[in-house]
Every structure is written in C-alpha cells, then in structure tokens.
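Below, each chain spelled out in residue letters.
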Amino acid sequence: MALKKKPTTGMKDILPAEMEIRDYVIQMIKETYKTFGFQSIETPCVEHIENLNSKQGGENEKLIFKIMKRGQKLNLETAKTEADLADSGLRYDLTVPLSRYYANNANELPSPFKALQMGNVWRADRPQRGRFRQFMQCDIDILGEPTYLAEIELILATTTLLGKLDFTNFTIRINNRKLLKGMAKYCGFPEESYDDVFIILDKMDKISMDGVESELIEAGYEKDAVSRCKELFESVTGDLDGVRRMKEKLGDCLEAGVAEDLETIISTVEAVRTADFKIVFDPTLVRGMSYYTGPIFEIAMDEFGGSVGGGGRYDEMIGKFTGNDICACGFSIGFERIVMLLLERNYKVPSAAVKKAFLIDKKASPELMRQVIETAREEREKGVQVNISIMKKNKKFQKEQLTAEGYEEIREWFAD
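Residues numbered from 1 in each chain as written. Predicted model: local features only at pLDDT ≥ 70, side-chain atom pairs only at ≥ 80, totals over all residues. Heavy atoms only, no water.

1. Notes on the pattern of salt bridges
Inference 1: Under the counting rule described, the total for this entry stands at 28 salt bridges.
Inference 2: For K230, the salt bridge is made with D210, and the minimal N-O distance between the two is 3.3 Å. Taken together, the residues span a long stretch of sequence, with K230 in helix α8 (residues 223-234) and D210 in helix α7 (residues 204-218) at a distance of 20 residues.
Inference 3: The exposure class of D210 is partly exposed, given its relative accessible area of 47%.
Inference 4: Its salt-bridge partner being D315, residue R313 comes within 3.1 Å of it at the nearest N-O pair. The pair R313 / D315 is uniform in exposure class, with both members buried.
Inference 5: When salt bridges with common partners are traced through the structure, they connect K12, E18, R22 and E336 into a single cluster. (Salt bridge = Lys/Arg side-chain N within 4 Å of Asp/Glu carboxyl O. Helix = DSSP H or I, 4+ residues; strand = E, 2+ residues; numbered from the N terminus. Buried < 20%, exposed > 50% of the residue type's maximum accessible area, 1.4 Å probe, protein only.)

Structure, rendered in structure tokens:
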C-alpha cells in the first residue's frame, strides 16, 4: 500500500511563514494575559469519556474522537455497547478539562484563580474556512469570582490582546442567559422547551426575525408566544437603553440584578478600553454550550464574517465534579481564525532582532568554516539572528529568498 503524503482530512501541515505568525501570536497572548494576572496551566489532551459526555458540551459531544480501550480491557467479542469499546476521548474544548483540573487541584490554587490555557483540541467536524478538526484553542478563565469583575477583566484582557495584534473596529456582542430565560418566560414558552427556543433564536443573524418566527411556528409553539417574542426583539436596541428597555418589559420575569450587572459591564468596558472596538447588547446572542449560566459574549469581525471568539459564565460545571458549585467565567479566542486573518493580510511579525545570513563557498576549507561559525557565535551573543548556509549555484535566487525571509545583511565567504 502506498504511503500518503497529505494530512488526514481536517488536519494541516504548518509551513514556516505561518509558524512564525503563530509563535508571535502565542508570545503576545502570554505576555498580554500575564499583565492581567493570568497563570499558565496545562491539561492532558485525552479526557475520560464520562466527562466529555456529561451533557455540558452541547453539539460538540456529537463530534468526539473516541479512543478505544487498550490491552486486556478491550474485548471485541463480548462488546455490546459503545461503552464496552471506548473509555476516553480527545478533548473537544478546554473548559471541561479545566473544570476537572480545578476540582482536582483546588487546594493548591489561589482563589480566585486566573488561568491561561493553550492547546490543541479535536472535533470530528466538517472542515471549512477557518475550521479544522485539530486546532489550537486559547482560553482565559477566572474561577472563584462571583461578581461582574470577572467578565470585565476577561473582556478587557481579550480586547487588549486583539488591539496589540492590530485588529480594529471589531465588536463584542454581550447578553445574559438569565435574560434569555426571562424573555422566554415573558413570551410564554414552556420552560422545558427553553433550550430549543434559544437554538432557533440564535439563527436570527442568518435568517432574520421573520425566519425565526417561521421556525418557531413550524416547531409547534403558540402563535401568541411567537408574536410576543417578535414584538419584544423589534422594540429593543443594542445599547444601554436597550438593556433598560428589556428590564422594563420583562418585569418580574427577569431575575433581580441581571440587567443592572449587564449595564455595569458594558459601561465599564466602554469607559476604560484601550483597543478600538464596540461593545453592544445583543438579546439574540445564545452561545451553543449548555453550561453557560450568566453573561455570555462573542467577538464579531466583519473581515471574517462571523465569530472569532466567545465565552461566558458557567457557575455550575465545576460543581458536577465536586458537589459544590464554584463561580467560573471564561473567554476563548479563535486562535486559528486570528492567525488566518493575519496571514490573509500579509501580516509581518515585528522584530527588533537584526537578521544576517552568511553564505559559505562550498569549496571552503575547514579553517574557513570554523572562522564563519566563530563569527556567527559572536554575532548571536549580541542578539543577532544568524543563518549559515552553503552557497548555491544559483546564488542570485538564494539571496532573493533570504531577503524575502527578512535577512537584512547577506555576507559571502569565499575559499582562498
């Protein structure tokens, strides 16, 4: 059987030009988030299948790469169910592993704990622009902070990072799952159907309010409830007045303090932001993960045409491991999409280091070779990046290639 040189579907090889940008973005992430007090952690890429199937991952639980049992634990002859075959899987996000990590290590961690986690995740998804089956995620989470300070810090840290990467005019969309539930109650939808209603509502930016209305009616919901829903959304704006209007309309259907906290988050971020972006109230924002319990947010960029990051509060997930709920809130940027957009811009990584190339005549003596290597060592000690290569027959093309790679000085060493 012939060996295949292309990666498997949904995976990709990363060439040096992209790797340079990826390394730079990772560096900026770590440097920026560190200034906000976040600490780096790492979790295994393999998780217990029970954790991955805990009904916390929404649609992602249908996309798990499951791992078969090993050795004597695997008995194909007696296996009757999937549980007899698989006991673990590749993580599909970093939030479930973080919750397990915190539950297991809480006694050794500060409270609140500000975690930065970067790593590959895997989803058996349909590949498309900016979406792969293996991709890097970058999450920041604050565990143990019950107030809206967590949301404010997460939004400011993430937007500061995007600003440093030269992104401007993007939008932070924000809502609250409690407000969504208040809207569903106000409209008269059955409580057991809230999640299904939210899934349809989340399509509004793609199919419009009329499309949402049609889908809700087709799904069998009362026309009066659908009409109230339509009237409600058509009367609300995406600013602070919209939040206040929503509070006024929902009345006792909305939990106390929800609108006020949302208003504080928006106004505070607007007042102290350093990057060029907008933050807007979006009552149609749902987020697909069922584990969200409070404020939720997404980053929208016109040049991508969709979300390049998101997150929210998930106060009940860690309690599924410990029996006691722990306040938790997180924000994840779409690392792969950010890198893709930078590549499409022909983004050049800023570098303070001088880059020099030494080209050695292929007939050079061992003494000349040692002299070149010694000179390179002295330059490297000064912080200069030095690339030593043997001079090729097509020297002109070789030098053009080095210049394109950013080498400012090219020195030639010839044999006597």
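There's more to say after this.
2. A few points about a nonpolar patch on the surface
Inference 1: A contiguous nonpolar surface patch, about 230 Å² in accessible area, is contributed by M369, I373 and I390.
Inference 2: Structurally, M369 is set in helix α13 (residues 366-381). (Patch = residues over 30% accessible without salt bridge, like charges linked within 9 Å, V, L, I, M, F, W, Y side chains within 5 Å. Areas by Shrake-Rupley, 256 points an atom, 1.4 Å probe, with all protein chains shown as cover.)

3. Regarding the sheet that holds strand β6 (residues 134-143)
Inference 1: With respect to topology, eight strands assemble into an open sheet ordered β1-β5-β6-β11-β10-β9-β7-β8, the strand pairing being mixed. Sheet topology places β1 (39-41) and β8 (277-281) at the edges, where each strand pairs with a single neighbour. If you compare each strand with its neighbour and ignore which way they point, the axes differ by 20° on average.
Inference 2: Here strand β10 (residues 306-313) pairs with strand β11 (residues 328-333) via five bridges, running antiparallel. The partner of G309 across the bridge, within β11, is I333.
Inference 3: Packing of helix α10 (residues 258-272) onto the sheet brings it into contact with β7 (170-176), β8 and β9 (295-301), and relative to β8 it is tilted by some 170°. (Pairing = 2+ DSSP bridges. Axes fitted to C-alpha atoms, helices over the stretch in contact; angles between N-to-C directions. Contact = heavy atoms within 4.5 Å.)

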